[in-house]
Amino acid sequence: MSTKLRIRHTLSIKLIKGFFSKPTPSNMTTNNELQNIIDEGNRLNHKIEIVSNVKSGKEATIYKVMLDHQLVAMKVYKKPEERSFKNTGQYLMGKYYKKPSHRKAIEKGNKFAKKIKHQSWVNREYFMLEKLYELGAKIPKPILHIEDAIFMEFLGNQDFVAPRLCDITLNTAEAKNAFKKIIDNMIVFWNFGIVHADLSEYNILWWNNEPYVIDFPQAIDKKTNPNAEEILDRDLRNITNFFGKFIKTDFDEIKKAFS
Ligand SMILES: Nc1ncnc2c1ncn2[C@@H]1O[C@H](COP(=O)(O)OP(=O)(O)O)[C@@H](O)[C@H]1O
Ligand SMILES: [Mg+2]
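Not measured: the values here are computed from a predicted model.

1. Remarks on the site of ligand 1
The full set close to ligand 1 counts 17 residues, and I62, K75, E153, L155 and D215 are the nearest of them. A distance of 3.4 Å is found between an oxygen atom of ligand 1 and a side-chain nitrogen or oxygen belonging to K55. Relative to its unbound accessible area of 550 Å², ligand 1 is 91% covered by the protein chains. At the level of elements, β2 (60-67), β3 (70-77) and β5 (149-153) are the ones that each hand at least two residues to the shell around ligand 1. Class assignment of the residues belonging to the shell around ligand 1 gives a composition of ten nonpolar, two polar and five charged.

Take a look at the structure:
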């Protein structure tokens, strides 16, 4: 059986199991989109087999996938027309579009602009993951980028998906360790010149007793974004407030580490 057929077979199993239980037009688009990613993967000599749908959020869907026989996470961004881009203004602020045609489109806010923003969103997340992983941040290892899909280390195993911090209760020792590791990560981001900009217990996964920061497309550049410090403070408050439930945390004290 060819990879393509096998994947189609896998998808049809999903339909039976109810993953895409209501075959609405947008679900059909999802299936076509997945097939495009698989086809493009084949063209690049990669074998992609979709195991299951892990989570479908506002901006993207995460799948558990076998990529060249290795278990990985695949994050597929929703099509530009299905996304609001409501909150992108502050993140893309100060972002310079080199091509005059792109600049004009962004100014006008037309369909082409949505496409450019969408692409820059996907590329941005992959770029951030690569850079931050190289710098030693505790994040899923980026593996491959095809079309609107990002492949990265799967946090979990065959039977289990790592929970988010908001889904678990930590004991004092775990909370102390996790809090320190997350602040260390934030310092790596800051020293590299970025702020995550959506950091909270919802974007941190807990795996092998360690916290992993995820979800980077909205990360901002501290040099070009005039609100960088404010956005850093918001991230830091989310983290100190969350850990305040388990251990003593002091925002002002922690803030001193960010110079
Ligand atoms: N590398 C990963 N390994 C396992 N699960 C993941 C991974 N990345 C994301 N997830 C799961 O998918 C969810 C959504 O991913 P996220 O990157 O936060 O996208 P969104 O933009 O939809 O919030 C996460 O809360 C987590 O449950
Ligand atoms: Mg998220």
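Having seen it, we continue.
2. Topic: the nonpolar core
Core analysis: the biggest nonpolar cluster contains 48 residues, and I183, M186, I239, F243 and F258 have the highest contact counts within it. When residues in this core are grouped by element, the largest group, nine residues, is from helix α6 (residues 172-192). Each of domain 1 (32-96 + 113-157) and domain 2 (160-258) contributes no fewer than three residues to this core. Apart from the residues lying within four places of it in its own chain, the contact partners of M186 are L199, L232, D235, L236, I239 and F258.

3. Notes on the sheet that holds β3
Overall, antiparallel pairing links the five strands, which are arranged β1-β2-β3-β5-β4 in an open sheet. With one partner strand each, in any of the chains shown, β1 (48-56) and β4 (142-146) form the two edges of the open sheet. Adjacent strand axes in the sheet meet at a mean angle of 25 degrees, parallel and antiparallel pairs treated alike.

4. Focus: the coordination of the magnesium ion (ligand 2)
The protein atoms that coordinate the magnesium ion (ligand 2) are N203 (OD1) and D215 (OD), at distances of 2.2 Å. One end of the pair, N203, is in the loop between β6 (194-195) and β7 (204-207); the other, D215, is in the loop between β8 (210-213) and β9 (220-221), with twelve residues separating them in the sequence. N203 gets classed as buried once you look at its relative accessible area, which sits at 7%.

5. Regarding α6
Every α-helix carries 3.6 residues per turn, so stepping three or four residues along brings you back to the same face. A rise of 1.5 Å per residue sets the reference length of α6, with its 21 residues, at 30 Å; its end C-alpha atoms lie 30 Å apart and thus fit the reference within 8%. All of the buried residues in α6 are A175, A178, F179, I182, I183, N185, M186, I187, F189 and W190. Trailing α6 by a residue or two, G193 shows a phi angle of about 110 degrees, which is positive.

6. Examining a nonpolar patch on the surface
Together, F127, L135 and F192 line one region of the surface with nonpolar side chains, adding up to about 270 Å² of accessible area. Its place among the elements puts F127 in helix α5 (residues 111-134).

7. As for the pairing of β2
Taking burial as the measure, the eight residues of β2 include seven buried ones, the bulk of the element. As judged from the seven bridges shared by β1 and β2, these two strands associate in the antiparallel manner. Following the sheet pairing, S52 is matched in β2 by K64. Hairpin connection between β1 and β2: a loop of three residues separates the two successive antiparallel strands. The sheet contact formed by β2 and β3 spans eight bridges and is antiparallel. Pairing of T61 across the sheet is with V76, part of β3. Between the end of β2 and the start of β3, which pair antiparallel, lie two residues, with D68 showing a positive phi angle near 50 degrees.

Calculation rules
Residues numbered from 1 in each chain as written. Chains lettered and ligands numbered in written order. Predicted model: local features only at pLDDT ≥ 70, side-chain atom pairs only at ≥ 80, totals over all residues. Heavy atoms only, no water. Near = heavy atom within 4 Å. Polar contact = N/O pair within 3.5 Å; in protein donor to acceptor, adjacent residues only side chain to side chain. Areas by Shrake-Rupley, 256 points an atom, 1.4 Å probe, with all protein chains shown as cover. Helix = DSSP H or I, 4+ residues; strand = E, 2+ residues; numbered from the N terminus. Nonpolar A, V, L, I, M, F, W, Y, C, P; charged D, E, K, R; others polar. Core = buried A, V, L, I, M, F, W, Y, C linked by side-chain atoms within 4.5 Å. Buried < 20%, exposed > 50% of the residue type's maximum accessible area, 1.4 Å probe, protein only. Domains from an automatic or database assignment. Contact = heavy atoms within 4.5 Å. Pairing = 2+ DSSP bridges. Axes fitted to C-alpha atoms, helices over the stretch in contact; angles between N-to-C directions. Donors = N, O, S within 2.8 Å, 3.2 Å for Na, K, Ca; no water. Expected span 1.5 Å × (residues − 1). Patch = residues over 30% accessible without salt bridge, like charges linked within 9 Å, V, L, I, M, F, W, Y side chains within 5 Å. Salt bridge = Lys/Arg side-chain N within 4 Å of Asp/Glu carboxyl O.

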